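Structural overview for review
So the chains spell out like this:
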Amino acid sequence: MTDQIDVAIIGSGPSSLSAAIELKALGIARVVVLERDPEAGGIPRHCGHPPFGIREFKRVLTGPQYARKLVATARLVGVEIRTSTTVVEARPDGKLLLATKDGVAEIAPRRVIYATGVRETPRSCRFITGPRPLGVVNTGALQSTVYLQDRTPFERPVIIGTELVSFSAIMTCRHAGIKPVAMIEANEGVTARWPTGLFPRIVGVPLHLGTRLSAILGNRSVTGVEVVDRAGNHRVINCDGVILSGQFTPEVALARCGHLAVDAATKGPVVDQYGRCSDPCYFATGNVLRPVETAGWSWNEGRQTARWVAADLAGDLAPVGAEIEVVAADPVIRYVVPQRLSLAAGSAGMKHLQLRVTRRAKGTLVAMCGDQTLWKMPLNARPERRILVPVGKFTAAGKPVKIELKFIAE
Ligand SMILES: Cc1cc2nc3c(=O)[nH]c(=O)nc-3n(C[C@H](O)[C@H](O)[C@H](O)COP(=O)(O)OP(=O)(O)OC[C@H]3O[C@@H](n4cnc5c(N)ncnc54)[C@H](O)[C@@H]3O)c2cc1C
């Protein structure tokens with residue numbers, strides 16, 4: 001084996017492993033996956049429920065089965081997976097500083113792919129009043145306690161949030177014999193798509209819409225939560241734990257400490273249509289690009305990114321030159337990915353820009369260049385739905401301009 005690493009991938013979730021497998025299929029000699037956890041597989045490793053793998057393997061798998069299958073395939077095709085290896089510094093030109101069980105090491109791969117995924121918003125960033133008792137966790141921590149350590153942190157928790165992952169929290173609780181006493185949502189409706197909102201009722205978990213968590217009670221352990229309804233009435237719900245679910249944000253601490261440009265809207269790295277970051281040695285793929293998509297979507301992005309990285313290594317990707325900048329310039333538009341479109345000819349990149357809205361939006365999506373309207377399309381969207389717009393609508397401008405996306409209500 002040669003000493004020169006062709007591609008190092010940070011993280012070992014679905015996007016990383018599919019990228020690594022595809023790179024090997026494209027003939028890239030040395031592909032190394034770097035994972036801080038003791039086992040590879042990313043988030044699905046602790047999502048003990050189905051459905052995973054439908055797009056990838058045409059089978060319904062649980063998260064751990066899916067993660068094991070991806071890891072086994074990667075190893076089989078010759079991907080080198082280094083676990084218990086945290087990338088602690090990402091330097092210009094692709095040099096990485098690693099913290100390993102054997103000490104600190106440095107590698108200088110030809111290209112690096114960021115595939116560090118997302119995490120949920122912790123208590124400290126949610127402005128919650130009260131003491132800091134044991135028993136306040138995110139869904140990810142709950143799932144690893146239940147599925148990986150076979151322990152139960154509480155018996156009667158309250159679940160905060162109604163995103164898809166909040167319903168995974170209910171499933172995890174049921175698996176462990178934990179009985180949630182309430183599900184709390186500050187908005188007037190359930191965030192996840194219909195019919196997911198029926199699930200709490202079916203399994204007997206009272207759902208409180210238009211209700212905000214105002215304080216967590218208890219000193220050593222949780223004894224209750226104080227909530228406020230839309231009329232301003234306060235009341236206490238007795239419970240012994242709190243699951244703070246969702247409110248995802250890209251795991252981008254490494255990029256923030258480093259030199260890569262980070263987008264204020266997605267909170268992930270700024271990329272062009274090839275997933276190429278502001279330092280062209282670095283690419284990014286999967287959920288680190290934006291919060292949040294499914295494992296299947298991230299897996300597919302990883303495969304595509306591998307093709308652009310392989311093209312770049314072969315000299316077939318045009319160097320960064322003139323670019324169109326795309327900006328979400330309206331509070332209704334939550335983010336847009338990619339944020340830059342390279343105008344140089346090269347292999348085809350992402351076919352679509354991905355957008356999300358901050359609230360239910362019915363009206364027109366408009367792309368403006370200064371005062372000029374470039375194009376518009378009808379928009380009828382909800383925050384949980386991905387909006388795809390063909391890249392060609394933007395590159396048609398043909399010159400390096402700034403395009404602002406705006407929303408006009410009906
Ligand atoms: C709690 C939770 C539950 C979810 N449940 C589901 C679900 O049921 N179904 C679904 O489709 N999606 C679910 N998701 C969405 C999930 O993000 C995707 O399914 C998928 O895992 C995204 O893959 P990824 O490759 O982008 O990143 P991830 O799977 O998140 O993998 C990223 C990896 O990077 C590693 N890493 C991060 N920083 C470093 C570093 N500095 N050095 C080394 N390694 C690092 C992490 O340890 C992690 O293993 C869930 C997400 C969360 C947070």
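Every value quoted in this text rests on a predicted model; they were computed, and no experiment measured them. (Residues numbered from 1 in each chain as written. Predicted model: local features only at pLDDT ≥ 70, side-chain atom pairs only at ≥ 80, totals over all residues. Heavy atoms only, no water.)

**Comments concerning the UniProt feature "domain: FAD/NAD(P)-binding" (unreviewed entry) in the protein chain**
Per the UniProt entry, the sites bearing "domain: FAD/NAD(P)-binding" (unreviewed entry) are residues 6-295 in this numbering. This span, residues 6-295, is 22% helix and 25% strand, and a straight line between its end C-alpha atoms measures 25 Å. (UniProt positions renumbered as here; feature names shortened; annotations may be inferred. Helix = DSSP H or I, 4+ residues; strand = E, 2+ residues; numbered from the N terminus.)

**Overview of helix H1 (residues 14-25)**
Look at H1: 16 Å from first C-alpha to last across 12 residues, which is about the 16 Å you get at 1.5 Å a residue. Counting buried positions along H1 yields 10 of 12 residues, so the element is predominantly enclosed. Among the residues of H1, Pro14, Ser15, Ser16, Leu17, Ser18, Ala19, Ala20, Ile21, Glu22 and Leu23 are the ones counted as buried. Residues of H1 that are buried make contact with strand E1 (7-10), strand E2 (31-34), helix H3 (63-76), strand E3 (80-82), strand E7 (111-114) and helix H8 (295-313). Positioned one or two residues after H1, Gly27 has a phi angle of 90 degrees, which is positive. (Expected span 1.5 Å × (residues − 1). Buried < 20%, exposed > 50% of the residue type's maximum accessible area, 1.4 Å probe, protein only. Contact = heavy atoms within 4.5 Å.)

**Observations concerning the sheet that holds strand E22 (residues 352-357)**
In spatial order, the strands read E20-E22-E25; together these three strands make up an open sheet with antiparallel pairing. With one partner strand each, in any of the chains shown, strand E20 (333-337) and strand E25 (387-390) form the two edges of the open sheet. Strand after strand, the sheet turns through a mean of 25 degrees between neighbouring axes, direction not considered. Summarising the sheet, E20 and E22 pair through four bridges and their orientation is antiparallel. For Val337, the partnering residue across the bridge sits in E22 and is Gln354. (Pairing = 2+ DSSP bridges. Axes fitted to C-alpha atoms, helices over the stretch in contact; angles between N-to-C directions.)

**Focus on a positive patch on the surface**
The grouping of Arg193, Arg360, Lys362, Arg382 and Arg385 at the surface amounts to a positive patch. Topologically, Arg385 is positioned in the loop between strand E24 (372-381) and E25. (Patch = residues over 30% accessible without salt bridge, like charges linked within 9 Å, V, L, I, M, F, W, Y side chains within 5 Å. Areas by Shrake-Rupley, 256 points an atom, 1.4 Å probe, with all protein chains shown as cover. Salt bridge = Lys/Arg side-chain N within 4 Å of Asp/Glu carboxyl O. Lys, Arg positive; Asp, Glu negative; His and termini not counted. Charge placed at Lys NZ, Arg CZ, Asp CG, Glu CD.)

**Regarding the side chain of Glu301**
Summarising the element assignment, Glu301 is placed in helix H8. Residue Glu301 is classed as buried on the basis of its relative accessible area, which comes to 8%. In this structure the side chain of Glu301 is engaged in a polar contact, spanning 3.4 Å, whose partner is the backbone nitrogen of Gly286. Among the polar contacts listed, one links the side chain of Glu301 to the side chain of Arg290, at a separation of 2.6 Å. When residues no more than four places from it in sequence are discounted, the contact partners of Glu301 are Thr285, Gly286, Leu289, Arg290 and Gln354. (Polar contact = N/O pair within 3.5 Å; in protein donor to acceptor, adjacent residues only side chain to side chain.)

**Quick word on the site of the ligand**
Within the structure, the ligand sits among 36 residues, and Ser15, Glu35, Arg36, Asn287 and Ala295 are positioned closest to it. Taking Glu35, its side chain carries an N or O atom lying 2.7 Å from an oxygen atom of the ligand. Between an oxygen atom of the ligand and a main-chain N or O atom of Ile43, the distance comes to 3.0 Å. Bound to the protein, the ligand loses 92% of the 980 Å² it would expose on its own. Broken down by secondary-structure element, the contributors of at least two residues to the shell around the ligand are H1, strand E4 (86-90), strand E8 (118-120), helix H4 (139-148), helix H5 (164-176) and H8. In the shell around the ligand, the residues fall into 14 nonpolar, 17 polar and five charged. (Near = heavy atom within 4 Å. Nonpolar A, V, L, I, M, F, W, Y, C, P; charged D, E, K, R; others polar.)

**Notes on the pairing of strand E23 (residues 361-369)**
Where burial is concerned, most of E23 is hidden: seven out of the nine residues are buried. In this structure, E23 lies alongside E24, joined through nine bridges in antiparallel fashion. Residue pairing in the sheet places Lys362 in a bridge with Asn380 of E24. Following E23, the chain reverses through two residues before pairing antiparallel with E24; Gly370 in that reversal takes a positive phi of roughly 65 degrees. Sheet topology note: the E23/strand E26 (residues 402-409) ladder contains six bridges and is antiparallel. Bridged to Met368 within E26 is Glu404.

**Some points on the pairing of strand E5 (residues 96-100)**
On any regular strand, side chains alternate: one points to one face of the sheet, the next to the other face. With four bridges joining them, E4 and E5 adopt antiparallel strand pairing. Within E5, the residue paired with Glu89 across the bridge is Leu97. The hairpin formed by E4 and E5 contains five residues between the paired strands, and Asp93 there has a positive phi angle of roughly 65 degrees. Note: E5 against strand E6 (residues 103-107), five bridges, orientation antiparallel.

**Overview of the pattern of salt bridges**
Applying the stated rule across the entire model yields 18 salt bridges. The salt bridge involving Glu106 is made with Arg91; its shortest N-O contact spans 3.2 Å. Taken together, the positions of Glu106 in strand E6 and Arg91 in the loop between E4 and E5 put the pair 15 residues apart, joining distant regions of the chain. Residue Glu188 pairs with Arg230 through a salt bridge whose shortest N-O separation is 2.7 Å. Residue Glu188 is located in the loop between strand E11 (182-184) and helix H6 (199-202), and its partner Arg230 is located in the loop between strand E14 (224-229) and strand E15 (234-238); the two are separated by 42 residues in the primary sequence. In this structure Glu188 comes out as exposed when scored by relative accessible area, which is 51%. Each of the salt bridges in this network shares a partner with another, and the network as a whole consists of Arg30, Glu80 and Arg82.

**What about the nonpolar core?**
With 33 residues, the main nonpolar core has Val7, Ile9, Leu23, Ile81 and Ile113 as its most contacted residues. Taken together, the elements giving at least two residues each to this core come down to E1, H1, E2, H3 and H8. Every residue in contact with Ile9, bar those within four places of it in the chain, is listed here: Ser16, Ala19, Ala20, Leu23, Val31, Val32, Val33, Leu34, Ile113 and Ala115. (Core = buried A, V, L, I, M, F, W, Y, C linked by side-chain atoms within 4.5 Å.)

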